[in-house]
Every structure is written in C-alpha cells, then in structure tokens.
Amino acid sequence: MSTKIPVGILGATGVVGQRFIQMLERHPWFEVAWLAASDRSEGKSYAEAARWRLKTPIPAAVAAMRVSPAIPDGAPRVIFAALDAGIAAELEPRFADAGCAVVSNSSALRMQQDVPLVIPEVNADHIKLIDGQSWRKKSGGYVVTNPNCSAIGLVLALAPLQQRFGLETVMAVTMQAVSGAGYPGVASLDILGNVIPYIAKEEEKMEEETRKLLGQMNGTKVVSATFAMSAQCNRVAVEDGHTESVSTRLKRKAKPEEMIAAWNSFRAEPQELQLPSAPKNPVVYFGAPDRPQPRFDIDLGAGMTTAVGRLRPCGVLDWKFTVLSHNTIRGAAGAAVLNAELLKAKGYLG
C-alpha cells in the first residue's frame, strides 16, 4: 500500500493541470488520486477528456482515471487548483470550507489579506497567514497561492538584491510565451510575426504581487514592500519561457561582482530542507552576453531555476539585467508543488 499523500487536481485537463500530472507522476510524497474539470469532461476517462499537450505521455494510471465533478464530496484533502480566476473565486473557498488544503495557481485570492502568496525561497514565513483564515478555524481547510507566472521569475531575481542592498525602484518589461495564455492560447495569425503589447490585468498583477511577495510579516498580516514598481507586459511568439528586461535602483551601492555573487549564492529554506522539487540553485547567473534564452535555458533546474544575465549599468536607474523563467513549471505547476512540499515540511498537511 502506498504511503504517499493522495492529492486531487481541479482543472486537470488544462495546460497547468497537465503540468501537475507530469510533475507528480514520480513524486516521492504525493500521488494523483482524483481529477476534476468542467462539466463536459465529467465521467470520461482522463485520456478521453484531456487534449494532452505535453511532450511526455500521459501516465497510464492517470489516463484511465475517471474525471469527477468539481465538488468537495469524495475529493482528497490536498487539492492542487489550476482554474481560471472567475471559477477559482467560487470553487476554491468551497473546497477550503469543506476542510481541503487548496494549493492554488489562480489569481482569484492572491491579494486577499489572509491568503499567503508564497515563493518558498523568498517568503516562506508568510505561510503563517493560514492560521487566521476562517476556513482553517471552521474545518481545518485553507488556501495557499503561488504568484503570477511573470512575477515569480522577477521576484526570485530581486530577492537576493533586496536582502543585500535594498530595492528603491524596479522597472520590468516582459516578453511572455504563448503557453502562458493556456490552450489554445493566442491565434496563430495574431502572434506569428507579431508582438502583442497587452495582456489583460498582467501588469497590475506583477506590480501588486511583487510588492506583497517582498513584503514583511507584521503580526497577522503582510505589509507590502514600498519600492516603486512599473511593469509593461508583452506576448511574443515563444512556446515556453518568460523573458524580462529589468532595471533597478538599489538603496545601497553595489558592484556587479557583488550582485552576481548574491544571485549565485542565493539559498533558502527549500534548499536547506531538501524539498523534492527545490532546485539546487534557485537563481543562476549567465556570463555570456547573449544569455539567457528560452530555447536553451528554460529547463535549468528541471524548469525550477530562474536564469539571470546581461548585468550592466543603467543610464536611468543603477543596473539593468535579463531574467528568464519557465512559465508553466516554475511559474505555475512547479511553484504550487513546491508550496505543497513546504506545507508538508511545516506540518500543515498533518
């Protein structure tokens, strides 16, 4: 008999749901025991319901699994949620109210004051917000979220700089992969040979979430960081991997070699605890002038490492550099799996 923790996936047929299945196939702590999706998938085998879009095959056990209705009855206690924000706002509280630990990739509840928005290497202490949630007090259930796919790579690159030098101003321009729009994503005639300089609500998410992630716990709430932040978000014809051009002004003077050392030496609780999905190096600096690139660098650390490169002086602020992260692994499913591992390590999965 397996000693692994059974988990469920809400929104199992979508691209992020598929990433959850892929990442959990051989996970040492968790095993997929329950799948749910929209009404049109209910009752079908997963292989029938899902249009599989990943390069690895559907795990045989999951392929034969029946898709359940998206209700808490019969669901395992641990739920990974990969839902559109509108649906998540309704379903995630329902599952938490029923006693489930909801580890969400959705934006619906990220900015709610009592909901932790967590990158384990950056703000693991924010997990404590769980204890004040009404669901937790009523049924033992709760919701934990991971950030927007463009915010997470940026914050992993900023956190070592904030720790050592402090941040005063951050400006980021993103070039975001089409997989970030889900399947079928952006129509080919819209994106091929084109750049779309607008992604709905993306810039607001990046600015708000970055400050919350780099904020500090003050009693039972998070006080967001106060540095100035500006984001401009673009969709480009890249399959996977969000690239960001970043400029920063630091509170304390820094030499380039000090900044590179801050990135390359950055380690935190997930590495100390040796969580299964934690990369050995959360951030890696590339010295080559033309790196990082999505084609070559998104799978670094099994897709969980953020790549940084092209550090150079900025004529307006202090420094500018390039950031790359895998948007459906570190920016979505992998982020949630790592959050669940942190919850287990902290005793929240009981």
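Residues numbered from 1 in each chain as written. Predicted model: local features only at pLDDT ≥ 70, side-chain atom pairs only at ≥ 80, totals over all residues. Heavy atoms only, no water.

*Asks:* Let's hear about the overall build of the chain: which residues, and what values?
*Replies:* If you tally the helices and strands in the chain, you get 13 helices and 14 strands. For 350 residues, the compact-globule formula gives about 20 Å, and the C-alpha radius of gyration of the chain, at 19 Å, lands near that figure. Carbon and sulfur atoms make up 50% of the accessible area of the chain, which amounts to about 14,900 Å² in all. When the 38 positive and 34 negative side-chain charges of the chain are each reduced to one mean point, those points stand 3 Å apart. (Helix = DSSP H or I, 4+ residues; strand = E, 2+ residues; numbered from the N terminus. Rg over C-alpha atoms; globule rule 2.2 N^0.38 Å. Areas by Shrake-Rupley, 256 points an atom, 1.4 Å probe, with all protein chains shown as cover. Lys, Arg positive; Asp, Glu negative; His and termini not counted. Charge placed at Lys NZ, Arg CZ, Asp CG, Glu CD.)

*Asks:* I'd like a description of the sheet that holds strand β13 (residues 306–313), backed by residues and values.
*Replies:* Within the open sheet, the six strands sit side by side as β10-β7-β11-β14-β13-β12. Their pairing is mixed. The open sheet terminates on both sides in strands that have one partner only, identified here as β10 (228–235) and β12 (283–286). Going across the sheet, the axis of each strand differs from the next one's by a mean of 20 degrees, ignoring polarity. Inspection of the sheet shows strand β11 (residues 242–250) paired to strand β14 (residues 319–325) by seven bridges, in the antiparallel sense. Residue Val246 lies in a different strand from β14, and its bridge partner there is Phe321. Sheet strands in contact with helix α9 (residues 202–213) are β7 (167–176), β10 and β11, and its direction is about 140 degrees off that of β10. (Pairing = 2+ DSSP bridges. Axes fitted to C-alpha atoms, helices over the stretch in contact; angles between N-to-C directions. Contact = heavy atoms within 4.5 Å.)

*Asks:* Describe the pattern of salt bridges, listing the residues and the values that go with them.
*Replies:* Any two side chains of opposite charge can pair, given that their charged atoms come close. Tallied over the full model, the rule gives eight salt bridges. The salt bridge partner of Glu25 is Arg26, with a shortest N-O separation of 3.5 Å. Classification of Arg26 by relative accessible area gives exposed; the value is 69%. (Salt bridge = Lys/Arg side-chain N within 4 Å of Asp/Glu carboxyl O. Buried < 20%, exposed > 50% of the residue type's maximum accessible area, 1.4 Å probe, protein only.)

*Asks:* I'd like to hear about the packing of aromatic side chains, residue by residue, with values.
*Replies:* Taken as a whole and judged by the stated rule, the model has eight aromatic pairs. Aromatic pair Tyr142 and Tyr348: ring centres 6.2 Å apart, planes at 75 degrees, arrangement edge-to-face. Of this pair, Tyr142 sits in strand β6 (residues 142–145) while Tyr348 sits in the segment after α13 (329–345); the two residues are 206 residues apart in sequence, bridging distant segments of the chain. Tyr348 carries the same exposure label as Tyr142, and that label is buried. (Phe/Tyr/Trp six-rings, centres within 6.5 Å; stacked < 30°, edge-to-face > 60°.)

*Asks:* Outline the packing of helix α7 (residues 149–165) against helix α10 (residues 256–264), supporting the account with residue identities and numerical values.
*Replies:* Helices that pack against each other are described as a pair by the angle of their axes relative to one another and the distance between those axes. For the pair α7 and α10, interaxial distance at closest approach is 9 Å and the crossing angle is 120 degrees. With respect to α10, the element α7 is oriented oblique. In this structure, the crossing between α7 and α10 has a hand that is right-handed. On α10, the residues that touch Ala157, Pro160, Leu161, Arg164 and Phe165 of α7 are Glu258, Met259, Ala261, Ala262 and Trp263. When grouped by side-chain class, the residues that make up the contact of α7 with α10 number eight nonpolar, no polar and two charged. (Parallel < 35°, antiparallel > 145°, perpendicular 65-115°, else oblique. Left-handed = near helix turned anticlockwise from the far one by under 90°. Nonpolar A, V, L, I, M, F, W, Y, C, P; charged D, E, K, R; others polar.)

*Asks:* Describe helix α1 (residues 15–24), and please don't skip the residues or the numbers.
*Replies:* The buried fraction of α1 is high, at eight of ten residues. Looking only at α1, the buried set comprises Val15, Val16, Gly17, Gln18, Arg19, Phe20, Ile21 and Leu24. Buried residues along α1 sit in contact with β1 (5–10), β2 (30–36), α2 (46–49), α3 (60–63), β4 (78–81) and α13.

*Asks:* Quick rundown of the pairing of β13? Include the residues and the values.
*Replies:* Sheet topology places β12 next to β13; four bridges connect them, and they run parallel. Residue pairing across strands places Phe286 opposite Gly309, the latter belonging to β13. Of the pairings in the sheet, the one linking β13 to β14 comprises five bridges and is antiparallel in character. Each bridged residue has a counterpart across the sheet, and for Pro313 the counterpart in β14 is Trp319. Counted between consecutive antiparallel strands, the loop separating β13 from β14 contains five residues.

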